[in-house]
Structures are given as structure tokens and as C-alpha cells.
Amino acid sequence: MEGALVARDKVGIQDFVLLDETTETAFMENLKKRFDKDLIYTYIGALVVSVNPYKDLDIYNSNQMDLYMGVNFFELPPHIFALADTVYHAMMLELNNHFILISGESGAGKTEASKKILQYYAACSPETDLLTSVRDKMLMSNPVLEAFGNAKTLKNDNSSRFGKYMDIQFNSEGEALGGHILNYLLEKSRVVHQNHGERNFHIFYQLVEGGEEDLLHQLGLERDCLYYNYLTQGECAIMSSINDKNDWKTVKNALKVIEVSESDRTDLFGVVASVLHLGNVEFDPDSRGNASLDNNTELRWVSTLLGVNAQTLQEGLTYRKIRAQQDQVLSPFNIDHAIYVRDALAKAMYGRTFTWLVRQINESMENKDDTMKMVIGLLDIYGFEVFYVNSFEQFCINYCNEKLQQLFIQLTLKSEQEEYEAEGIEWEAVQFFNNKIICDLVEERHRGIISILDEECLRPGDATDLTFLERLEEKMGDHPHFVTHRLADITTRKTLDRGDFRLLHYAGEVTYCVVGKRDRHTQHTERVRPSQQHTGRERPSHSKYRERERPVQVATQFKSSLLKLTESLLAKDAWYVRCLKSNESKKPGVLDEALVRHQVKYLGLMEHLRVRRAGFAYRRRYEVFLQRYKALCPATWPHWLGLPMDGVQVLVQHLGYMPYEYKMGRTKIFIRHPKTLYATEDAFERCKHELGERKMCCGSNACCLLRTKAFQMDVAWKAAQARKEVERRDWAVKVIKKFINGFINRGDARSTDNSEYLAFVRQSYLNRLKLKLPQTVLDKTTWLTPPSVCQEASELLRKVYYRLMVRKYVRGISQQKKGQLQMKVVTSAIFKGKKDSYPQSITRSFLDTRIVNGHLVNLHSSQTYSVPVVKYDRKGFKPRPRQILLTTSAAYLVEEAKIKQRVLYTSLKGISVSNLTDDIVVLHITCEDAKQKGDLVFQCDHLFEFLTKLSMLANKQNAFQVVKGSITIEIQSGKQGAVDFTTGPEPLVYKDKNGHLMVVRHPPPHTPYPLKSG
Ligand SMILES: Nc1ncnc2c1ncn2[C@@H]1O[C@H](COP(=O)(O)OP(=O)(O)OP(=O)(O)O)[C@@H](O)[C@H]1O
Ligand SMILES: [Mg+2]
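Residues numbered from 1 in each chain as written. Chains lettered and ligands numbered in written order. Predicted model: local features only at pLDDT ≥ 70, side-chain atom pairs only at ≥ 80, totals over all residues. Heavy atoms only, no water.

## Some words on the overall build of the protein chain
Next, step 1: When its secondary structure is counted, the protein chain shows 34 helices and 34 strands.
Next, step 2: When burial is assessed residue by residue, the protein chain has 51% of its 1014 residues classed as buried.
Next, step 3: Within the protein chain, contacts between residues separated by at least 24 positions form 63% of all contacts whose residues are at least 6 apart in sequence.
Next, step 4: Per element, the accessible surface of the protein chain, about 50,100 Å² overall, is 52% carbon and sulfur. (Helix = DSSP H or I, 4+ residues; strand = E, 2+ residues; numbered from the N terminus. Buried < 20%, exposed > 50% of the residue type's maximum accessible area, 1.4 Å probe, protein only. Contact = heavy atoms within 4.5 Å. Areas by Shrake-Rupley, 256 points an atom, 1.4 Å probe, with all protein chains shown as cover.)

What follows is the structure in C-alpha cells.
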């Protein structure tokens, strides 16, 4: 743009965005002004508009390439090299993929543009043996593909009759390492039929005109294009503008460069020659009018060249094989049918050969190392075309152009809108003709033309071209872009035949003839089969065709390949070259204004321009703007130390910009009118001279050397950074791949595929577990559920961890607490789950004794425990307050320092308590002992404490009985009584009428028992 500003007064405006008004007239004037001076390129922002000059301009030489290398897009006059260079640098900077969409109608210069871009990249590449070889192969793929895929049409002497998308692959150093080509829908019908004024594919003429005598002899060919039926239908086999002889040499050489072996080359020319021979095979009618071939020389050549049996080939061309259960019946073709089959064979052979050739080229250009690569894609697809008769191929070609236009609309609108949004600038919508409606008309599922074509081809019964037309009328009769003879108004009807339908494409109206559309769409394997059985080349391993194979629907396949292409393109950054055809007669230096105006219109260039200028004609990043114009303001010159945005603000204020003239975005300044910028640029021009004097470089050798070194260091630093980044990404890709692979194989035994993933899973589990460990020994629920690979380890860890916690706990407790716990363990063993009052006892500590200052008998050192109790007499169950003392050998019942009874542990045969919440204890004592007075019944507030101590001192853990209902007691030898237990609203202990001691459930264990006298 800056370059454009400098040169704006010289020849028109170099960027349409800077036009003062965005009218079509101003646009055309500028275009013509520049075209008249052989300036064929003009920008609309970053989009390149190219007008076909139809003459060789000296603007593509190596000096020009050098000039554009590494220079800012807008610094030099518009050029296709500037775009190529910008794309390349954007790719290197952002390390991502890009594509250049080259569009325009047939003959507008798309293929030429794509070749220039390829040449530019080839020239950029450094010279190493490997790179030179790859580069040569990429360059040489063009003449080969053009020979086999291009032809002279009415629109273009070198028209691409196939779609081509080529990826050029670069490594992180920016070296072109390889390429890959995708080809789309070759116009095979051209092999057998050409319109008047058109030719077959170039290779046929090149072989016949340029082929060496020996070769022609070997292939059985005459050196005369007029001799071959397939070459003469257009009546222009020999063209002065095309030098077939020279082109033949180029192609032969190119085939060697792309490493097509000698024998493959022989086979390749053999197929080309056999197509020519096939075209000359003519059928005679036999007595029944059926097609017959008798000792046909051309057929013999075909059979020799393809290495197939002549008889089989002859049968394939003149008979249809009908299979009836196990038998095969041969049904003869009539002449028309035989011609149809012959042509189908020729088309299929040629089509497959073309595919093989593309594959061959890809193999030779392929870069086999698996390091990260970035690509720049070049899309050069047949342009929009309208002929007098437009067949199925034109329908596909034009549909493809619709799709690309749609892609363009989506991407340009989107990116512009996104830029305004990202910068926080208000967006003004610009009206577009959105051709989605036409794309839908063609491709919509179940309702589009292609779907209806599919249905018609697969429909049982006698579907014809006309029923297809009827179905179209039925389905899309009211569509504004579809018209047929029946649907049209009277004036339009005159321009349409009954078998036609017309589509109003974005680029204009095209009338398609339905005749044969179904046939071309349905490349029924049955029909193509002779070619596959007899050609010898591409002999398919899948020759055993399934009987009812679904026919290959060409348009449907094409549609899905376009869809795939669009998806792949959407994942890349887009750049555009819009090619315009200057005149129909291919004359140099002539610009047919009406023709160009029409293209400008349908390519949406005006809309694109308006969108670019919707609010602001010019925008630049703050750093760039400041760098260029900082000399215009004392505050920003020579260095602005603050933020670039602030610097720009200071600068524009100094320059006197009015608020409505510009907007400050987040990263860019947006200037509304070109004239504001011109004023700034003019000021800059005036300032330049002065600037020169102020330049930092004094011009001395030392100074220049320093600057060069600094520049080199900068480059080296950036390269090192980029390399690091690439290494990092490579590493990331590998890790991610490994992770995914490991995840997929995680259930398998440990292998190289999953070992790292499993290690990761283990580590991650352990890390998480570390943060979520249970905090207390009693917490049994917190343990993190392990993944299956860690289950065993997790279980072991859990056990170890709990043991560790227990150990820590145990080590942390005092001797006293330990004693307590040991006693509690005994209590638990005896009472847990048996006596209702046990749970309340757990938290209560056991004391050493319960009587501290009372009158107790001194039982010297063996006394260990004492507790007050209420003893019940054996006779009458009278309650008596007493104390019990425990020593190491006996329990003593004491009344105020007087021993009332001694129970030796040896004579203690049992201890009974009830299962309820009462505190009654019965000590069963051996009655043979005369000193004993029968069983002892008493109530003790510290029942569990007492009984635990007793149990431990007397070692009587096994003598305990927790009884339900009633405990039988020995009152004296031979006489028994009982203590009965029950629950009731009021806790009581009394002598019951039956003479038993009745204990009513007593919930709070420490409540004294009120006694009900019996
Ligand atoms: N930049 C150019 N300089 C000189 N001549 C050009 C230029 N571009 C195109 N031409 C001329 O126009 C002819 C047609 O161009 P080209 O084959 O690139 O058209 P196309 O858009 O690819 O058409 P199609 O869609 O039919 O393939 C070329 O053979 C060449 O003679
Ligand atoms: Mg082309």
C-alpha cells in the first residue's frame, strides 16, 4: 500500500481500496488505465486482480523474483510474486498452512498464475541436490499434466480439462521439500468427441506430430492427425498457435524428470496410441444389422499394444454378455451400441491412465520423512464456462465454480467481519449476492439436482433423460435460478429446447442439455467393464466384480470430493487471485470493457472492494504505522518509548486528524478516507529528504557492516526461535500420539504402545492419592478408587498406609492411655453387642479406684481396686450399701472397714449380668465352700469398670454370662432364687411376689434404684 501511495499518480491506483469512489466506472477506468500500460496486477487489499494480457511480459524473470523476495506486500507495485512471497512469509511466521485460490473463467489466466507462483517458490528454495530434484519434479509435473489434461477449447488454447489442487510442502526452514496433487473430474468425453473448433487432449497431437519415427512405427501410428477420427471432429487438429513438436520434447523430458521408467513410458504411449486406434475401429453391419468386426487392423494394434487377446477384445466390443444363472449368453450389439462401448472403453482407458499419471507424479514428488511440514496449496480449477451446447461436464465444472465462489464469500465476509470485531470497530454490513441458493439447488440432499440425478439413475423401470427433466421440474419448478422450456415465459421459451434446463449461475445463465446426462453420471461398471478386462494396464485385482454393484455416481462423487476439498481449504488461511479475461479473441493488449465488466460483477469484486472499504479504506498495525510516519512528529522521532498505540495517537493528533477520520482499534489504526492517508503520505515525502540527513547510518563502511551484522543476528535469532518452536511442536505431536495410542491399548498387556500411557496413569493416580489420603485411622471411606492398572498396588498401599497410621497412633499414646485401651479391649470382648448399656461406657475412662477417702480395710499392697456397691441380701433382697475391694487373689465385700465376705477368685465360678441397661451383677460362688454364703447380688454404678478389673484380676473372661430375662442364684446350698429383668416406664428394683428380685429396665445407668418394698 505504501508503494501504491508513492506511485498513485503515475499509472492509476495500485490498490482499488484507495480509489476515491467505489463505483464500477471508477473501477473499470483504473483497471483499463493500468492494463493499457501492461500493468496487469492490481490489489484490492491483499487480493490480487490479474488481467490476462495475452502477451509475454518481461515481469517474471529472476531479477523480478529477487526484487519481491522478503519485501512488504505493499512496498512494491502489485505482482503475483508479492502475493506468493507474502503467503510464504506468513507461513514461516505463523507456522501454519495456507492456500491460494485462483479463480476466473476459462482462459482468464489461472493456470499461468499458478505456474508463476510455483516458479517463484522453486526459485526461493535453497540449492541442495535433494531440493533441486524435488523442485524440478514439481515444475515438470506441469507440462506432463497439461499434455494429458489440457486441450484447446473455444475459450482457451490451453484449457485445463481437470481440476487441480497442489500442496507444496515446506519444512521449518522454509525449504520446499515435496508436493502432492489432487485431481478432479477429468473431462473424459473429450477423448471421443470435440466440439467444432476444439481439440482432443494435447498429448495425442504431440505424439503424432512429434513422436520419433521408431516410436510411431512401434505403436502403429501414422504421422498424420487427420488420419484419426478422435482427433478431427473439431476440425482444427493443426493449430499455428500450438507447437506440438516442441511440446512433445518437453513432455518426454518431463516424464524422465518425474521418474516414469522407460517401460512405463512405453506402456503409457501404448495406451495413448491404442485410444487413437480404437477411435478408428469401425463396425460393419452383419446380415442382421448387428455390429461385426472382421480382422480389423486397428483392433489388432489395440490388442498388441495392450497385450490382450484380440478375439476377446473383439467380443467385448460387439457382444454383451448376459448371465442367466450359471450360463452366459452373448447378445450382439447393434452398430450404435458397439460405438458406444468402444468410446466408453477409450474414455475409461484414458481416464485411468490420467489417474495413474497423477499418482506417479505424486510418488515422485512425495517427501517421505515424517517431520512437521507446512503447506501452501494452489487451487487451479477449470473456470466457469458456457458453450453453445453444455453437457454434464460443464454442469460439474460450473457447480465447482459455484462452490469456490461460495467459499470466497464465506471467507472474505467472515474475515473482514472478524477483523472489525476483533478490533472493536463498528461493522457496516454490505449487501452481497450470496450464491448459496444456487449451490443448494445443485447439491442439497434429497432435493438438489445431483440427488435427483442419483435417484433417476437408480430407479427401476424405464427412466429416461426426459423423465429426469420432469422430475427436476416437479421438484424445483418454482426455484428462481432454475428454468425449463415448460416453466419458462413465452420469450424465454424461445431460447430453450424441450430437453434443456437452464441454471442462473452466479456468473451467468447456462443452458444444459439433459440428453446423455444420466449416462455420463452413471458410469456403470457393466459398461466400462470391457476396458478393465482388456486394457492390460491397471488390470484390477478387483476384477471379480460383484454382480449388483451400485453404479458409480459421478456427480455425487464429485460433490463429495468438492466437499472434502472445501473442508481442507477452510482449515487453512486463504489468499486470492481473481483472474479476468481481457477479450474473447485472445488478442494481446485488447480490453473488452463489457466482457471485463461482466466478470468484475459476477466475481463480486465490487462487493469485495466495498466490504474492504465498508468503514475504513486503510488499516495498519500500530507498530508499522508508527515506524513509517514517526518522523512526522517531534514527539515520536526518532524513538517512541511508550506503547505503539499511544505513539500513533500522539502522531495523528500532531498531524491534525479529525476524530471522524480515523478509529483506534485494539492493534490497528483504521483510516476512513484515502485522502487523509494521502495527506500523511505527502507530508512523509516532503520529510524524506530531511530524514535522509537524520538517518542513523552515517554511510561509512563500519556503520554499514554493523547494520548488516545486526540484521544477520536478528535473522539468526528468529530462526533459532522458530526452530525451537518447531521442535517443541514435534515433541508435542509425538507425545499426544503416544498418549492416544496408549489410551486405545490401555486394556492390553504392557507393550511399547501403552507402557508410557500406563506409567502416566499410575503416576497421576499416585499424585492424586497423595492429596486425598484419609486423615484418621477410623476413616475407611476416603480411599481414592484406583484405575484398573493400579488396583493391586492401591490395595497394598491402603493396607500399608493404615498400618502406618495405626503405628503412629500407637506410638503416640501414653502408658496410662495404653492401660485404659487394654481394659477397653477386654470390656469390648465381653460386652460389645451383648449388653445395652455398653455403648455409653466406651467413652468413660476407667479409674484406678472409686473410693479415695473412705474407711477401707487395709489389704496391704495386693489391694488394687475398690468401688461402692449396693448389695442385696439373699433373704428378702434388702439393699445394703457396701464396698467391694479387689485384690490379686480375691474380692472382698466390706462394710465400713469391716470385711463382710471374702470371695476367692478360685471359688468364683461365674459372673452374670443382664442384657439390659441395669447395673446388677451376680457373682456365682462355689457353694461347697463353707465359708461362702451363696451367690452375691449387688448393684454397681461402675459396672463395666468393676467387671473389667475383676475379669482381668481373676482371669475370668470366659466366666461371664450376659443373660436375657432371669438369672438363677444360689441362696445357700441347695436353695435357689432368681433375679428377673424386664423393661418398664419406671426403673425399679424390688422383691416380687414370686420371691424373685425384680429389676425393671433402668435407662440412665447412674440413677439410684428406688426400692419398692415387697
Ligand atoms: N500472465 C500472463 N502473461 C501472458 N499470457 C498469459 C498470462 N496469463 C494467461 N496468459 C495467456 O492466456 C492463456 C490462457 O491462460 P490459462 O491457461 O492460464 O487460463 P485458465 O484460466 O487456466 O483457463 P482454463 O480454465 O480454461 O484452464 C495462456 O495460455 C496464455 O497464453
Ligand atoms: Mg487452466
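## Re the pattern of salt bridges
Next, step 1: Under the counting rule described, the total for this entry stands at 39 salt bridges.
Next, step 2: In this structure, the salt-bridge partner of R199 is D244, at a minimum N-O distance of 3.1 Å. Separated by 45 residues along the polypeptide, R199 in the loop between α7 (189-192) and α8 (202-210) and D244 in helix α11 (residues 244-257) bring together distant segments of the chain.
Next, step 3: A salt bridge links E623 to R621; the nearest nitrogen and oxygen atoms lie 3.3 Å apart.
Next, step 4: Using a relative accessible area of 38% as the deciding quantity, one classes E623 as partly exposed. (Salt bridge = Lys/Arg side-chain N within 4 Å of Asp/Glu carboxyl O.)

## Some thoughts on the nonpolar core
Inside soluble globular proteins, nonpolar side chains tend to come together where they are buried.
Next, step 1: If you look at the biggest cluster of nonpolar residues, it comprises 173 residues, and the most contacted ones within it are I100, Y121, F148, F204 and F501.
Next, step 2: Per element, the largest residue contribution to this core is twelve residues, and it comes from helix α15 (residues 335-365).
Next, step 3: The contact partners of F204, leaving out residues within four places of it in the chain, are V191, L231, V272, V275, L276 and Y350.
Next, step 4: I884, F946, L950 and F960 belong to the second-largest nonpolar core, a separate cluster that totals 31 residues. (Core = buried A, V, L, I, M, F, W, Y, C linked by side-chain atoms within 4.5 Å.)

## Overview of a nonpolar patch on the surface
Next, step 1: A cluster of nonpolar side chains, I736, F739, I740, F743, I744 and F760, forms an exposed patch at the surface whose accessible area comes to about 590 Å².
Next, step 2: No other element matches the five residues that helix α29 (residues 701-744) contributes to the nonpolar patch.
Next, step 3: When you line up the elements, I744 lands in helix α29.
Next, step 4: On the basis of relative accessible area, I744 is assigned to the exposed category, the value being 58%. (Patch = residues over 30% accessible without salt bridge, like charges linked within 9 Å, V, L, I, M, F, W, Y side chains within 5 Å.)

## Remarks on unusual backbone geometry
Next, step 1: Residue P638 follows W637 across a cis peptide bond; omega there is -5°.
Next, step 2: Relative to the assigned elements, P638 resides in the loop between α26 (622-629) and α27 (644-655).
Next, step 3: Here Y54, not a glycine, exhibits a phi torsion of approximately 50°, which is positive.
Next, step 4: Along the polypeptide, Y54 turns up in the loop between β2 (47-51) and α3 (62-68).
Next, step 5: Positioned with a positive phi, E235 is a non-glycine residue whose angle comes to about 55°.
Next, step 6: Note on placement: E235 falls in the loop between α10 (229-232) and α11.
Next, step 7: The class for E235 is exposed, based on a relative accessible area of 62%.

## Overview of the packing of aromatic side chains
Next, step 1: Across all of its chains, the model carries 35 aromatic pairs by this definition.
Next, step 2: Between Y629 and F684, the aromatic rings sit 5.6 Å apart at their centres with planes inclined by 85°, giving edge-to-face as the arrangement. Taken together, the residues Y629 in helix α26 and F684 in helix α28 (residues 674-694) connect sequence positions 55 residues apart.
Next, step 3: A relative accessible area of 7% places F684 in the buried class.
Next, step 4: Each member of the aromatic cluster is reached from another via a ring pair, and the members are Y60, F81, Y88, Y120, Y121 and F170. (Phe/Tyr/Trp six-rings, centres within 6.5 Å; stacked < 30°, edge-to-face > 60°.)

## Focus: the site of ligand 1
Next, step 1: By nearness alone, 20 residues border ligand 1, and N52, S106, K110, T111 and S159 come closest of all.
Next, step 2: Note that an oxygen atom of ligand 1 is positioned 2.7 Å from one of the side-chain N or O atoms of K110.
Next, step 3: Interatomic distance of 2.5 Å between a side-chain N/O atom of S159 and an oxygen atom of ligand 1.
Next, step 4: Isolated, ligand 1 exposes 630 Å² of accessible area, and the fraction of that covered by the protein chains is 88%.
Next, step 5: Put simply, the parts of the chain that give the shell around ligand 1 at least two residues each are α5 (110-124) and β5 (159-160).
Next, step 6: Among the elements that take part in the shell around ligand 1, α5 stands out by supplying three residues, more than any other.
Next, step 7: The class makeup of the residues in the shell around ligand 1 is six nonpolar, ten polar and four charged. (Near = heavy atom within 4 Å. Polar contact = N/O pair within 3.5 Å; in protein donor to acceptor, adjacent residues only side chain to side chain. Nonpolar A, V, L, I, M, F, W, Y, C, P; charged D, E, K, R; others polar.)

## A word on the coordination of the magnesium ion (ligand 2)
Next, step 1: The protein atoms that coordinate the magnesium ion (ligand 2) are T111 (OG1) and S160 (OG), at distances spanning 1.9 to 2.1 Å. With T111 in helix α5 and S160 in strand β5, this pair connects stretches of sequence that are 49 residues apart. For the residue pair T111 and S160, the accessibility class agrees, reading buried in each case. (Donors = N, O, S within 2.8 Å, 3.2 Å for Na, K, Ca; no water.)

## Topic: the sheet that holds strand β12 (residues 374-380)
Next, step 1: Strand order in the open sheet made by the seven strands is β1-β2-β18-β3-β12-β6-β7, with mixed pairing throughout. At either end of the open sheet lies a strand with only one pairing partner, and these are β1 (41-44) and β7 (176-184). Ignoring strand direction, the axes of neighbouring strands in this sheet form an average angle of 20°.
Next, step 2: Pairing between β1 and β2: four bridges, direction antiparallel. Residue pairing across strands places Y43 opposite V48, the latter belonging to β2.
Next, step 3: With respect to the sheet, α15 is in contact with β6 (163-170) and β7, its orientation differing from that of β7 by roughly 165°. (Pairing = 2+ DSSP bridges. Axes fitted to C-alpha atoms, helices over the stretch in contact; angles between N-to-C directions.)

## Observations regarding the sheet that holds strand β20 (residues 662-664)
The pairing of strands in a sheet happens through backbone hydrogen bonds and is either parallel or antiparallel.
Next, step 1: A sheet is described by the order of its strands in space; here three strands give the open sequence β19-β21-β20, paired in antiparallel fashion. Of all strands in the sheet, those with a lone pairing partner are β19 (618-621) and β20, marking the two edges. Adjacent strand axes in the sheet meet at a mean angle of 15° when their direction is disregarded.
Next, step 2: Contacting β19, β20 and β21 (668-671), α26 runs over the sheet at an angle of about 95° to β19.

## A few points about α27
Next, step 1: The first and last C-alpha atoms of α27 sit 16 Å apart over twelve residues, in line with the 16 Å expected at 1.5 Å per residue.
Next, step 2: Of the residues making up α27, those classed as buried are G647, V648, L651 and V652. Around the axis of α27, the buried residues are gathered within 125° of arc, so they sit on the same side.
Next, step 3: Note on α27: the residue one or two positions beyond its end, G656, has a positive phi of about 80°. (Expected span 1.5 Å × (residues − 1). Arc of directions from axis to C-beta.)

## Observations regarding the environment of L766
Next, step 1: By the element assignment, L766 lies in helix α30 (residues 755-771).
Next, step 2: Along the primary structure L766 and L784 are separated by 18 residues, whereas in three dimensions their C-alpha atoms are 9.6 Å apart.

## Digging into the packing of α26 against α27
In a packed pair of helices, the relevant descriptors are the angle between the two axes and the axis-to-axis distance.
Next, step 1: At a minimum axis distance of 9 Å, the contact between α26 and α27 shows a crossing angle of 45°. Put simply, α26 runs oblique to α27. Of the two elements, α26 crosses α27, and the hand of that crossing is left-handed. Between α26 and α27, the residues in contact are Y622, E623, F625, L626 and Y629 and P644, M645, G647, V648, L651 and V652, respectively. (Parallel < 35°, antiparallel > 145°, perpendicular 65-115°, else oblique. Left-handed = near helix turned anticlockwise from the far one by under 90°.)

## So, the side chain of E607
Next, step 1: Examined against the element boundaries, E607 turns out to sit in helix α25 (residues 605-613).
Next, step 2: Among buried charged residues, E607 stands out as having no salt bridge; its nearest opposite-charge side chain is R610, 5.3 Å away.
Next, step 3: Those residues in contact with E607, other than ones at most four positions away along the chain, are V430, Q431, F432, F433 and K601. (Lys, Arg positive; Asp, Glu negative; His and termini not counted.)

## Some remarks on α5
Next, step 1: For α5, built from 15 residues, the straight-helix expectation of 21 Å at 1.5 Å per residue is met to within 8% by its first-to-last C-alpha distance of 21 Å.
Next, step 2: Extensive coverage of α5 is indicated by the burial of twelve of its 15 residues.

## Focus: the environment of Q557
Next, step 1: Structurally, the position occupied by Q557 is in helix α23 (residues 554-570).
Next, step 2: Look at Q557 and you get partly exposed, because its relative accessible area is 48%.

## Observations regarding the packing of helix α12 (residues 262-279) against helix α13 (residues 297-306)
Next, step 1: Look at α12 against α13: their axes get within 9 Å of each other, and the N-to-C directions meet at 160°. Taken together, the axes of α12 and α13 lie roughly antiparallel to each other. Where α12 crosses over α13, the two elements pack in a sense that is left-handed. Touching G270, V271, A273, S274, H277 and L278 of α12 are E298, W301, V302, L305 and L306, all from α13.
Next, step 2: For the contact of α12 with α13, the per-class residue count stands at seven nonpolar, three polar and one charged.

Spatial relationships are all this shows, so hold off on functional conclusions.
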